[in-house]
Each structure stands twice: as structure tokens, then as C-alpha cells.
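Structure at a glance
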Amino acid sequence: MASTTRQSTAAARKRAATKPSTGAAALGFEPIRIDADEDVVEERVPLFYIGTDEYTIPKSIPTGAALQYLRIAGERGEQFAAPTLLTRVLGEDAYQALEDSKALDDDQLKRIIQIVIDLSLGRGEKQEGKAR
């Protein structure tokens, strides 16, 4: 009986060894680890002032905000995507302050929107390499 057990064990090892790997490594990549939200420290920088009140944006805008903007812009158009992006990046209080401001003019609003869109989509980063 001992030889039957040895044969069964050897056969099981052989089957396990020849089993194709179906993990990520078999496909040529390792799983990507993304930090939990509570592990992310958000540094903020001033974007605009209303009177003496400072309103900030994240120094590094979460990529999810850009993905949301692109999805909404593709589905409904940029005019619907911009307010959602502004609210997400600025926060409710800052967005409401812009809505309530009697002094905000069209050029200032356009600049704020463009800055947020550019930073969200990575267009605000400094270009490296040779000058053109």
C-alpha cells in the first residue's frame, strides 16, 4: 500500500507543477496597490480670495476627479462636467462662495474653471525637456 500512496503523492505534485498559473504575474504584471483614502495627506494651496477669505484646492488633485469630469463631459458635455469638478475640487463652501459673490466677474470665473480643469487633467504641470 505504501507504493500506492507514494504514487498518488507524486502524481498530485506533478499535476500541481504543470497547472498553468492564472494570477497577475502570469499575465505579465503585478497587482497595483493604491493607498487607502485615510493614508493620503492632502496639501492645499490658495486658488482665490473673496475679500480676505482664502479658498484652496488640493496641490495634487485626485485622479478620480479627472475621471469623473471626463465621464460626465463625454456623456452630457463640458457645461455639465465643470460644476461637478469645481464642487469636488473646491469643496461645497468654496463653490457656494463663488455662487454668492456679487463681485466675481466672468473673466475671473473662467480663469478659476480653466485652472481647475488644467490641473485636474495634468495640463498645469511644468513641462520638462528642451524649450521649443
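Quick caveat, the model's predicted, so the values are computed rather than measured. The numbers attached to residues start from 1 for each chain and follow its sequence in the written order. Local features are withheld for residues below a pLDDT of 70 in this predicted model, meaning they are given only at 70 or higher, and side-chain atom pairs are given and counted only at 80 or more; totals for whole chains, interfaces and linings count all residues. Derived side-chain values reflect all non-hydrogen atoms in the structure, with water molecules and hydrogen atoms excluded from consideration.

What follows deals with the confidence of the model for the chain. On a scale of 0 to 100, pLDDT captures the predictor's confidence in every residue. Averaged over all residues, the pLDDT of the chain is 84; the fraction at 70 or higher stands at 77%. Ranking the helices and strands of the chain by mean pLDDT puts helix α4 (residues 92-100) first, with 97, and helix α1 (residues 2-18) last, with 55. Numbering of helices and strands runs from the N terminus; a helix is a DSSP stretch of H or I covering at least four residues, while a strand is a stretch of E covering at least two.

Further remarks concern a negative patch on the surface. Note on patches: the residues involved have over 30% relative accessible area and no salt bridge, like charges join within 9 Å, and the nonpolar side chains Val, Leu, Ile, Met, Phe, Trp and Tyr join within 5 Å. Surface accessibility follows the Shrake-Rupley procedure with a 1.4 Å probe radius. Residue values consider only the protein chains on display as shielding. Whenever a carboxyl oxygen of Asp or Glu lies within 4 Å of a side-chain nitrogen of Lys or Arg, that contact is scored as a salt bridge. Think of it this way: Lys and Arg go in the positive column, Asp and Glu in the negative one, and His and the chain ends go nowhere. For the purpose of locating charges, the reference atoms are NZ of Lys, CZ of Arg, CG of Asp and CD of Glu. On the surface, D35, D37, E38 and D39 cluster together to form a negatively charged patch. Within the secondary structure, D35 is located in the loop between α1 and β1 (44-50). On the accessibility criterion, D35 (54% relative accessible area) is exposed. The buried label applies to any residue whose accessible area, calculated with a 1.4 Å probe on protein chains only, is under 20% of its type's maximum; exposed applies above 50%, and partly exposed to all values in between.

Checked against the element boundaries, I112 lands in helix α5 (residues 106-120). Remark: the alpha-carbon pair of I112 and L47, spanning 65 residues in sequence, is separated by 7.6 Å. Ignoring anything within four residues of it in the chain, the contact list for I112 reads L47, F48, L86, L98 and L104. For this analysis, residues touch if any pair of their heavy atoms sits within 4.5 Å.

Right, let's get into the nonpolar core. Ranked by internal contacts, the top residues of the largest apolar core, which has 21 residues, are L47, F48, L85, V89, L90 and V116. At the level of secondary structure, the elements contributing two or more residues to this core comprise β1, β2 (53-58), α2 (63-76), α3 (78-90), α4 and α5. The residues touching V89, leaving out its near neighbours within four places in the chain, are R44, T56, I57, P58, I61, A65, V116 and S120. The term nonpolar core refers to a set of buried residues drawn from Ala, Val, Leu, Ile, Met, Phe, Trp, Tyr and Cys, joined through side-chain atoms within 4.5 Å.

Our focus in this paragraph is the pairing of β2. Bridging between β1 and β2 involves 6 bridges; their strand directions are antiparallel. Bridging across to β2, R44 finds its partner in P58. Between β1 and β2, which pair antiparallel and follow one another directly, the connecting turn spans 2 residues, one of which, G51, has a positive phi of 65 degrees. Strands are treated as partners if at least two bridges between them are detected by DSSP.

Let us look at the packing of α2 against α3. Each axis is a line fitted through C-alpha atoms, taken for helices only over the stretch in contact, and angles between the N-to-C directions span 0 to 180 degrees. One way to put it is that α2 packs onto α3 with a least axis distance of 7 Å and a crossing angle of 160 degrees. Regarding the angle of α2 to α3, the classification is roughly antiparallel. Remark: the crossing between α2 and α3 carries right-handed chirality. Packed against α2, whose contacting residues are G64, A65, Q68, Y69, I72, A73 and R76, the element α3 presents E78, Q79, F80, A81, A82, T84, L85, R88 and V89 at the interface. When describing relative orientation, an angle under 35 degrees is termed roughly parallel and one over 145 degrees roughly antiparallel, while 65 to 115 degrees is termed roughly perpendicular and anything else oblique. Whether a crossing is left-handed or right-handed is set by the direction in which the near helix is turned from the far one by less than a right angle, anticlockwise for left-handed and clockwise for right-handed.

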